[in-house]
Amino acid sequence: MLHQVGVGALGPVFRTYEPTRDRLVAVKVFRLDITPEQAAALADELAKSADAGLFHPSIVEPIAAGVEGSLAYRADEYVAAETLDVALRHYAPAPIEKVLPFVTQLAGAIDFARSAGVGHGALHPRDIFVTPDEVRASGFGVVEALERVGIRAPVRRPYTAPERVAGGTWDTAADVFSLGVIAYELLTGRRPSGM
């Protein structure tokens, strides 16, 4: 049974139970104005990040991808924690000694994913789950999958790197840019302006 637990720029997120592995799963449904053929191509591209072996303590593991009619979806492990956009209201501005472990964990996630051939491209506080001791980022591989099938991924200002905003080629530096904006917001309690 599916229970909606959130909604993003690309569509709703549902929580469901996977009985064969006795675990909760988050399913992101991509509600896009695309043909069934494009949805199937997107599901194939989303499956690449699930097959990349993103087993890292600071990455929400992509599990599988598929298509139902003209709706592509991706299943990730379910994380029972609040997202950073909510946590920022309580934690920011935070002292450097609190921020540094989170930024270090996220940098490790970005580095690990890139070494597996997967980037993020749209890192945003809503993609980051926070507990008192750790952070876990979700959404690795989504922007790349969208771009490979000719769909422009949403721009999430001020977090999206300028090269992505311009529709250009991007790499690890785009994820480092997003991480820098998030670190700034954690430290100051404000988003950077003029971006």
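Note that the structure is a prediction, hence the values are computed from the model and not measured.

Caption draft 1: Fine view of the pairing of strand S2 (residues 11-18). Across five bridges, the pairing between strand S1 (residues 3-8) and S2 is antiparallel. Paired with Val7 across the strands is Pro12, a residue of S2. Sheet topology note: the S2/strand S3 (residues 23-30) ladder contains six bridges and is antiparallel. Note that in S3 the partner of Arg15 across the bridge is Ala26. The antiparallel pairing of S2 with S3 creates a hairpin that spans four residues between the two strands, and Asp22 there sits at a positive phi of about 50°.

Caption draft 2: Just the layout of surface pockets, in detail. Taken as a whole, the largest pocket spans an internal volume of roughly 770 Å³. What lines the largest pocket is a set of 32 residues, among which Val13, Lys28, Arg126, Asp127 and Ser138 lie closest to the centre. Put simply, the parts of the chain that give the lining of the largest pocket at least two residues each are S1, S3, strand S5 (71-77) and helix H4 (142-148). When the residues that make up the lining of the largest pocket are grouped by side-chain class, the tally is 19 nonpolar, six polar and seven charged. For the second largest pocket, the calculated volume is near 210 Å³. For the second largest pocket, the full set of lining residues is Leu84, Tyr91, Ala94, Lys98, Val99, Pro101, Phe102, Gln105, Val130, Pro132, Asp133 and Leu186. For the lining of the second largest pocket, the secondary structure elements donating two or more residues are helix H2 (84-91) and helix H3 (96-115). The greatest single-element share of the lining of the second largest pocket, amounting to five residues, is contributed by H3.

Caption draft 3: Examining the sheet that holds S1 more closely. Read from one edge to the other, the open sheet built from five strands follows the order S1-S2-S3-S5-S4, with strand pairing classed as antiparallel. The open sheet terminates on both sides in strands that have one partner only, identified here as S1 and strand S4 (62-68). The sheet shows a mean angle of 25° between the axes of neighbouring strands, taken without regard to direction. Where helix H1 (residues 36-50) meets the sheet, it contacts S3, S4 and S5, and its direction lies at approximately 170° from that of S4.

Caption draft 4: The pattern of salt bridges, seen in detail. Tallying each qualifying case throughout the model produces 10 salt bridges. Asp85 is the salt-bridge partner of Arg126, the closest N and O atoms lying 3.6 Å from each other. Of this pair, Arg126 sits in the loop between H3 and strand S7 (128-130) while Asp85 sits in helix H2; the two residues are 41 residues apart in sequence, bridging distant segments of the chain. Look at the salt bridges and you will find they share partners, linking Glu45, Lys48 and Arg148 into a network.

Caption draft 5: Main features of the side chain of Asp76. Tracing the chain through its elements places Asp76 in strand S5. On the basis of relative accessible area, Asp76 is assigned to the buried category, the value being 11%. When neighbours within four sequence positions are excluded, Asp76 is seen to be in contact with Val25, Ala26, Val60, Glu61, Pro62 and Ile63.

Caption draft 6: Highlighting unusual backbone geometry. Note the cis peptide between Ala92 and Pro93, where omega equals -5°. Tracing the backbone through its elements, the reader meets Pro93 in the loop between H2 and H3. Pro158 follows Arg157 through a cis peptide bond whose omega is 0°. Within the element layout of this structure, Pro158 appears in the loop between H4 and helix H5 (162-165). With a phi close to 50°, Asp22 is a non-glycine residue in the positive phi region.

Caption draft 7: Geometry of the environment of Gly8. Within the secondary structure, Gly8 is located in strand S1. On the basis of relative accessibility, which here comes to 30%, the residue Gly8 falls in the partly exposed class. With 23 residues separating them along the chain, Gly8 and Arg31 place their C-alpha atoms 10.0 Å apart.

Calculation notes
Residue positions within a chain follow its written sequence, with the count starting from 1. Local features in a predicted model are, by the rule used here, given only for residues with pLDDT of at least 70; side-chain atom pairs are given and counted only at 80 or more, and totals for whole chains, interfaces and linings are based on all residues. In computing side-chain values, all of the structure's heavy atoms are included and hydrogens and water are not. Think of it this way: DSSP has to see at least two bridges between two strands before they count as a pair. Elements are defined by DSSP. Helices are runs of H or I of four residues or more, strands are runs of E of two residues or more, and each kind is numbered from the N terminus. Throughout, the protein atoms alone are placed on a 1 Å grid, and a set of points is a cavity if a 1.4 Å probe fits but cannot get out or a pocket if it is open with protein on both sides within 12 Å along at least five of seven lines; lining residues have an atom within 4 Å of a point. Grid points are joined across faces, edges and corners, and a volume is the space filled by probe spheres set on the points. Gly counts as polar in this scheme, as do all residues outside two lists: the nonpolar Ala, Val, Leu, Ile, Met, Phe, Trp, Tyr, Cys and Pro, and the charged Asp, Glu, Lys and Arg. Throughout, an axis means a line fitted to C-alpha atoms (over the contacting stretch in the case of helices), and angles, computed between N-to-C directions, take values from 0 to 180 degrees. Any two residues whose heavy atoms approach within 4.5 Å at even a single point are treated as in contact. Salt bridges are defined as contacts in which a side-chain nitrogen from Lys or Arg sits within 4 Å of a carboxyl oxygen from Asp or Glu. Any residue under 20% of the maximum accessible area for its type is buried, any over 50% is exposed, and the rest in between are partly exposed; the area is computed with a 1.4 Å probe on protein chains only.

Remember that the coordinates give geometry; whether it matters functionally is a separate question.
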